There are 2 protein chains.
Amino acid sequence: MSRPTARAVHLVARPDGAPTAADFAFVDETVPALAAGEALVENLYQSVDPYMREEMEEGGWALHAPLEGRTLGRVVESRADALPVGALVQHRQAWRTLSVVTAERASLLPDLAGVPLSAHLSVLGGTGLSAWVALTRIARLQPGETLFVSAAAGGVGTAAGQLARLLGAGRIVGSTGSAAKAARLTERLGFDAAFDYHDGPIADRLREAAPEGLHVYLDNVGGDHLEAAIGALRERGRIAWCGAVAQYNRLGNPPAAPRNLFDVVGKSLRLEGFLVRDHLDARPELYDFLVPHLRSGAVVPDETVVDGFDRVVDAFLGMLRGENTGKMLVRIAD
Amino acid sequence: MSRPTARAVHLVARPDGAPTAADFAFVDETVPALAAGEALVENLYQSVDPYMREEMEEGGWALHAPLEGRTLGRVVESRADALPVGALVQHRQAWRTLSVVTAERASLLPDLAGVPLSAHLSVLGGTGLSAWVALTRIARLQPGETLFVSAAAGGVGTAAGQLARLLGAGRIVGSTGSAAKAARLTERLGFDAAFDYHDGPIADRLREAAPEGLHVYLDNVGGDHLEAAIGALRERGRIAWCGAVAQYNRLGNPPAAPRNLFDVVGKSLRLEGFLVRDHLDARPELYDFLVPHLRSGAVVPDETVVDGFDRVVDAFLGMLRGENTGKMLVRIAD
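Residues numbered from 1 in each chain as written. Chains lettered and ligands numbered in written order. Predicted model: local features only at pLDDT ≥ 70, side-chain atom pairs only at ≥ 80, totals over all residues. Heavy atoms only, no water.

Going by an unreviewed UniProt entry, chain A carries the name NADP-dependent oxidoreductase and comes from Kitasatospora xanthocidica.

What follows is the structure, given as structure tokens:
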């Protein structure tokens, strides 16, 4: 019996500085016959994420081999009872049009009528869960408090803004990389104020946007933003550091530590880092909280969807350059 | 009626660098007649503390005026019903042999038979409370965990070591400024390992003293110690920063921020600063926990007691030079 052909992307070179399309190659692979316990998945959506930049370094993804990433798809052939044909699943064998998975490596998507499929990779996925954990478990945002989010137009940032609004935040301020993104944050994504961080010292912009100071800072970038936020935090303020920041360090180029770090003592601040993989048990809380708002349309997942598997590398590189607002996704098939 | 004379210390100059005895002057003052609601206290013990260094700067203590500080004494004359003659009280009008207080400015010492009076200024006072809050509220030390304490031979440090032992810490490591103090920490104060931080890189000493890494770091100094501790902390480790560190900053000479700060994300660490004045409600917990151990002799407050009010300035300057082990106190009268 003839087997289908999958189109896939391999990493073929490790970047020196910014990655380029030449670091990747598209390859065609014949899908082998399924073994017992396996299922073939036609991939529908793939996530491209900042952590993948780190995987391109030595010690990360192998060269000339299948890559990984979060993906949604539909089972089209099955020798696994738990993965019937037609089922929608989530798995990590991304960067290809067809994936062979086992039940251990794929999870059935919950039946969430009225929720867009792509939401499982955005506000209900790792980025939404990062924002949820940062706000509820790490910073423990209270109603009426003022929140500042850096990289606010990205996947975690836009999820954080929308979740914080629903959690009763008093004021939500975002920093982003262009005036157009800042306008989008306030006009469409529930932020009360937003600024382009290129517009002068961040401390000054923060003073204008939150003259009474901050209760919580959700840090995605470190550096100048962190220093300015420490300065603007009120007593007993909290800083939640998302995993994304860590990659700067492992890429050998960490941002400078804030010069005012010792204000953490004077103002009784709390800084806490977390990795979302340690908080996967929070997913049911997020679903319970958010699904009704997704069904009612009160929350619309903020996504930049690039169409077509042929553009997956472009989407990834564009995400690294900040060309997305909200979660960057690739639609592979309908 | 002739009034008694109090001997007092005033600040007469602000130091440029390290303070000296010439910055202070002893003065004799006639105690005025008591107004209604006032009591006269003969002071017995006074505390000298690191925060007082900061009070010597512009904006702190006034020149040529009464100073403040925690003091224990006995009421010897009273026009206040709540402060009967003979009562033992704690107040903040220190640096003098006799103080006029009101009931609002003085608190009766609880009747703790079998507990040494000076303990109210050491393990039951601000330093003991700082250690208690750091361990139980901020770092939330768990039984079996490994604790590292900097400035371990000081008031907060020795209290922290003794409290951590009683709280079930698995291993307690201290850093201090001399081999003699390090020996005292392990021989008399319940530390499992201690080192002189002058003996080579702190990271190396920590690796020897706690080869399996740290769960909690109680920071009193910042700088190299903080950087080494961040490196040695295990995943989900906690750093409690005591108020004393803050003074470096206000004195215009903060230690360098740690170059590995972003490991806080990679290892999901928590850094939290606190000021003990925000946690005075923890005092009853500390009393309930510690008083039985003080009565049984299982805990002996670690104090350096300097005898005589004439030596109060010497005691303060000696404390700044690290000449004490444990809490530095001055015995003014028996």
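What follows continues from the structure just given.
> Just give me the short version of the packing of helix α5 (residues 202-209) of chain A against helix α6 (residues 223-232) of chain A, but keep the residues and values in it.
Residues and elements named next belong to chain A. Where α5 meets α6, the closest approach of the two axes is 9 Å, and the angle between their N-to-C directions is 45 degrees. Taken together, the axes of α5 and α6 are oblique relative to one another. For the pair α5 and α6, the sense of crossing is right-handed. Taken together, the residues of α6 that come into contact with α5 (itself represented by Ile 202, Ala 203 and Leu 206) are Asp 224, His 225, Ala 228, Ala 229 and Ala 232. Of the residues belonging to the contact of α5 with α6, the class tally is six nonpolar, one polar and one charged. (Axes fitted to C-alpha atoms, helices over the stretch in contact; angles between N-to-C directions. Helix = DSSP H or I, 4+ residues; strand = E, 2+ residues; numbered from the N terminus. Parallel < 35°, antiparallel > 145°, perpendicular 65-115°, else oblique. Left-handed = near helix turned anticlockwise from the far one by under 90°. Contact = heavy atoms within 4.5 Å. Nonpolar A, V, L, I, M, F, W, Y, C, P; charged D, E, K, R; others polar.)

> So what's going on with helix α5 (residues 202-209) of chain B? Residues and values would help.
Residue and element names in this part refer to chain B. Where α5 is concerned, the buried positions are Ile 202, Arg 205, Leu 206 and Ala 209. When α5 is viewed along its axis, its buried side chains cluster within an angular range of 100 degrees and face the same direction. In α5, the exposed positions that point more than 90 degrees away from the buried face belong to Arg 207 and Glu 208. Check the buried side of α5 and you find it contacts β8 (146-149), β9 (171-176), β10 (193-196), β11 (214-219) and α6 (223-232). (Buried < 20%, exposed > 50% of the residue type's maximum accessible area, 1.4 Å probe, protein only. Arc of directions from axis to C-beta.)

> Account for the interface of chain B and chain A, with residues named and values stated.
Facing 32 residues of chain B, the contacting portion of chain A comprises 32 residues. Carbon and sulfur atoms supply 63% of the area that chain B and chain A bury against each other, a total of about 2,500 Å² over both sides. Contact with chain A buries area across many residues of chain B, yet B:Trp241, B:Phe262 and B:Val265 alone supply 28% of it, more than any other trio. The salt bridge partner of B:Glu272 is A:Arg270, with a shortest N-O separation of 3.9 Å. (Buried area = accessible area lost by both parts, 1.4 Å probe. Salt bridge = Lys/Arg side-chain N within 4 Å of Asp/Glu carboxyl O.)

> Describe the relation of the copies chain B and chain A, and please don't skip the residues or the numbers.
The transformation that overlays chain B on chain A combines an axial shift of 0.0 Å with a rotation of 180 degrees, and the residual RMSD is 0.1 Å. Taken together, these values place the two copies in the relation of a two-fold axis. No C-alpha of chain B lies nearer the rotation axis than that of B:Leu271, which sits 2.5 Å from it. Same-surface contact between copies: 97% of interface residues of chain B are shared with the interface of chain A. (Least-squares fit on C-alpha atoms with pLDDT ≥ 70 in both.)

> Provide a residue-level description of the pattern of salt bridges, including the pertinent values.
All told, the structure shown has 42 salt bridges over all chains when counted by the stated rule. For B:Asp278, the salt bridge is made with A:Arg236, and the minimal N-O distance between the two is 3.9 Å. Here the residue B:Asp278 occupies a position in the loop between β13 (270-273) and α9 (283-296), and A:Arg236 occupies one in strand β12 (residues 233-241), the pair thus bridging two chains. Judged by its relative accessible area of 27%, B:Asp278 falls in the partly exposed class. Exposure remark for A:Arg236: the relative accessible area of 44% places this residue in the partly exposed category. Taken together, the salt bridges that share partners define one network made up of A:Arg270, A:Glu272, B:Arg270 and B:Glu272.

> So, the sheet that holds β12(A): which residues are in play, and what are the values?
Within the open sheet, the 12 strands sit side by side as β10(A)-β9(A)-β8(A)-β11(A)-β12(A)-β13(A)-β13(B)-β12(B)-β11(B)-β8(B)-β9(B)-β10(B). Their pairing is mixed. Two strands lie at the open edges of the sheet, namely β10 (193-196) of chain A together with β10 of chain B, each paired on one side alone. Pairs of neighbouring strands in the sheet enclose a mean axial angle of 15 degrees, with direction left out of account. By the bridge criterion, five bridges tie strand β11 (residues 214-219) of chain A to β12(A) in an arrangement that is parallel. Its bridge partner lying in β12(A), A:Leu218 is registered against A:Ala240. Lying over the sheet, α6(B) contacts β8, β9, β11 and β12 (233-241) of chain B, oriented at roughly 150 degrees with respect to β12(B). (Pairing = 2+ DSSP bridges.)

> Any details on the nonpolar core? Residues and values, ideally.
Membership of the largest hydrophobic core comes to 47 residues, with the highest contact counts inside it found for A:Leu261 and B:Leu261. When sequence neighbours within four positions are dropped, the list of residues in contact with A:Leu261 reads A:Ile230, A:Leu271, B:Leu226, B:Trp241, B:Ala257, B:Pro258 and B:Leu261. (Core = buried A, V, L, I, M, F, W, Y, C linked by side-chain atoms within 4.5 Å.)

> Just give me the short version of the domain arrangement of chain A, but keep the residues and values in it.
Residues and elements named next belong to chain A. On domain assignment, one finds that chain A holds domain 1 (5-122 + 301-331) and domain 2 (127-277). Between the C-alpha centres of domain 1 and domain 2 there is a distance of 29 Å. On the domain 2 side, the residues contacting the 14 residues of domain 1 number 13 residues. Where domain 1 abuts domain 2, roughly 1,100 Å² becomes buried across the two surfaces, and 48% of that area is made up of carbon and sulfur atoms. Of all residues in domain 1, Glu 54, Asp 302 and Thr 325 bury the most surface against domain 2, accounting for 45% of the area lost on that side. Run the count over domain 1 and domain 2 and you get one salt bridge. Taking the shortest distance from any N to any O, the salt bridge between Arg 184 and Asp 302 comes out at 2.2 Å. At the boundary of domain 1 and domain 2, one finds seven residue pairs in polar contact (both at pLDDT 80 or more). (Domains from an automatic or database assignment. Polar contact = N/O pair within 3.5 Å; in protein donor to acceptor, adjacent residues only side chain to side chain.)

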